[in-house]
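Chain and residue survey
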Amino acid sequence: MAEITATAPGKIILFGEHAVVYGQPAIAVPLPAVQSRAVVRPGRAGEGLIIVAANLGRTFVVRTDAQPDDPALVVAARLLLTHLRQPVPDLQVVLHSTIPVASGLGSGAAVTTALLRALSVALGQPLDNETLNALVYEVEKLYHGTPSGIDNTVVVYERPVYFVRGQPIETFTVGAPVHLLVADTGLASPTHVAVGDVRRLRDAEPARIDAVLERIGTVARSARSAIERGDTLTLGRLARENQALLRELTVSSEALETLIAAAEGAGALGAKLSGAGRGGNLIAFVRAEAAPAVMAALKSAGAVRVLYTVLT
Ligand code: PMV
């Protein structure tokens, strides 16, 4: 068997996070500047399936019997073997990822996607995207608890998506290039914690929180048409509006607010957190000519990494 490699990109949510868990639409796009890669090589006879998570400096052995504390990568591999009705093979998979973990860039979904894609090819039964998406979603449940499914969908299909939970995937056109900066607070924020807090808040104050979630849905719908029209000025305004609503859900933080203020102060059209919030990344919509100044402002306000990406 020759060496087999598969990759999967990061993703970024532009509008609609959190509300998407409750059936509102959200918009997300692939972020190919960061990615996960899986390389499968033949293993030694009798050694079984070995997964090397190079970034974590950890090695996992996939056994036939499930253990209660199996990490998600092992669960993912076993799920694939069960789906393909194959025994544990003698293979070694090495995973590398440039996607920071727990920062809203879809690292969990991308690592699982790369792993299952490479492994299914190595086992002679490559998965179609629909099946792969369903398997990655099962694994996402282990990371997130109640994931909407947006991460795995964008990462597996590598397309911008307008996502409504439980509905067929819709993609959309981009009327004019959208220039975006993605800035990292450097603070890890587990998605399931923020999602759980929003759920408790909604349980305590259903009427107020449902109204916020619906307004986020309206913002996401307007954002889709602004992207299709190529209206970046409106996208900036909608980002500010979405951020104000996310604040009401308690998922912003001082670190995010500092960076958002720095971006807007340096000429961004609008900025908002992206993903689960609390820490992780934020996005700033910019005019191309303002990108260098906004990037510099974000860095001097404490962003640990700023990516520049253009949606076309
Ligand atoms: O931070 P991320 O990339 O895991 O995104 C979470 C997005 C949420 O809407 C908060 C949760 C979800 O499952 O959609």
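That block above? That's the structure.
Structure report, in brief. Every chain's residues receive numbers from 1 upward, in the order its sequence appears when written. Totals for whole chains, interfaces and linings use every residue, but because this is a predicted model, local features are given only for residues with pLDDT of at least 70 and side-chain atom pairs only at 80 or more, for both listing and counting. To get the side-chain values, take all heavy atoms of the structure and skip hydrogens and water.

Describing the sheet that holds strand E10 (residues 305-311)
The sheet built from four strands is open, its strands ordered E8-E9-E7-E10 with antiparallel pairing. The sheet terminates laterally at strand E8 (270-274) and E10, the two strands that pair on one side only. Between one strand axis and the next, the sheet turns through 25° on average, direction left out of account. Sheet topology note: the strand E7 (residues 178-184)/strand E9 (residues 281-286) ladder contains six bridges and is antiparallel. Residue pairing in the sheet places Leu181 in a bridge with Ala284 of E9. Sheet strands touched by helix H7 (residues 232-248): E7, E8 and E9. Its angle to E8, the strand with the most contacts, is close to 45°. Contacts are residue-level and defined by heavy atoms, with any inter-residue pair within 4.5 Å sufficient. Here an axis means a line fitted to C-alpha atoms, over the contact stretch when the element is a helix, while the angle between two N-to-C directions is reported on a 0 to 180 degree scale. The numbering of helices and of strands both runs from the N terminus, where a helix is a DSSP run of H or I of at least 4 residues and a strand a run of E of at least 2. Running over the sheet, helix H8 (residues 254-265) touches E7, E8 and E9 and is turned about 155° from E8. Being paired, for any two strands, means DSSP has found at least two bridges between them.

Points about the packing of aromatic side chains
Two rings from Phe, Tyr or Trp (for Trp, the six-membered ring) form a pair when their centres sit within 6.5 Å of each other. Planes less than 30 degrees apart are called stacked, planes more than 60 degrees apart edge-to-face, and all others tilted. The tally for this structure, following the rule as stated, stands at one aromatic pair. Between Phe15 and Phe285, the aromatic rings sit 5.6 Å apart at their centres with planes inclined by 20°, giving stacked as the arrangement. In this pair, Phe15 sits in strand E1 (residues 4-15) while Phe285 sits in strand E9, placing the two residues 270 residues apart along the sequence. In this structure, Phe15 and Phe285 share a single accessibility class: buried. Charges are assigned to positions over rings by a cutoff of 6 Å between ring centre and Lys NZ or Arg CZ, combined with an angular limit of 35 degrees from the ring normal. Arg224 extends its terminal NZ or CZ atom over the ring of Tyr162, reaching a point 4.4 Å from the ring centre. Here's how the labels work: a residue is buried when its accessible area is under 20% of the maximum for its type, exposed when over 50%, partly exposed in between, all with a 1.4 Å probe on protein chains only.

Quick look at the packing of helix H6 (residues 206-229) against H7
Taken N-terminus to C-terminus, the directions of H6 and H7 make an angle of 165°; their axes are 10 Å apart at the nearest point. When the axis of H6 is compared with that of H7, the two are roughly antiparallel. The element H6 and its partner H7 pack so that their crossing is left-handed. Here Arg208, Ile209, Val212, Arg215, Ile216, Val219, Ser222, Ala223, Ala226, Ile227 and Arg229 of H6 lie close against H7, whose contacting residues are Thr234, Leu235, Leu238, Glu241, Asn242, Leu245, Leu246 and Glu248. Across the contact of H6 with H7, the residue classes break down as 11 nonpolar, three polar and five charged. Throughout this description, any angle smaller than 35 degrees is read as roughly parallel, any larger than 145 degrees as roughly antiparallel, any in the 65 to 115 degree range as roughly perpendicular, and the remainder as oblique. Handedness of each helix crossing follows the sense of rotation of the near helix against the far helix: counterclockwise by less than a right angle gives left-handed, clockwise gives right-handed. All amino acids are sorted into three groups, where Ala, Val, Leu, Ile, Met, Phe, Trp, Tyr, Cys and Pro are nonpolar, Asp, Glu, Lys and Arg are charged, and the leftover types, Gly among them, are polar.

Take it as geometry only, folks, not as evidence of what the structure does.
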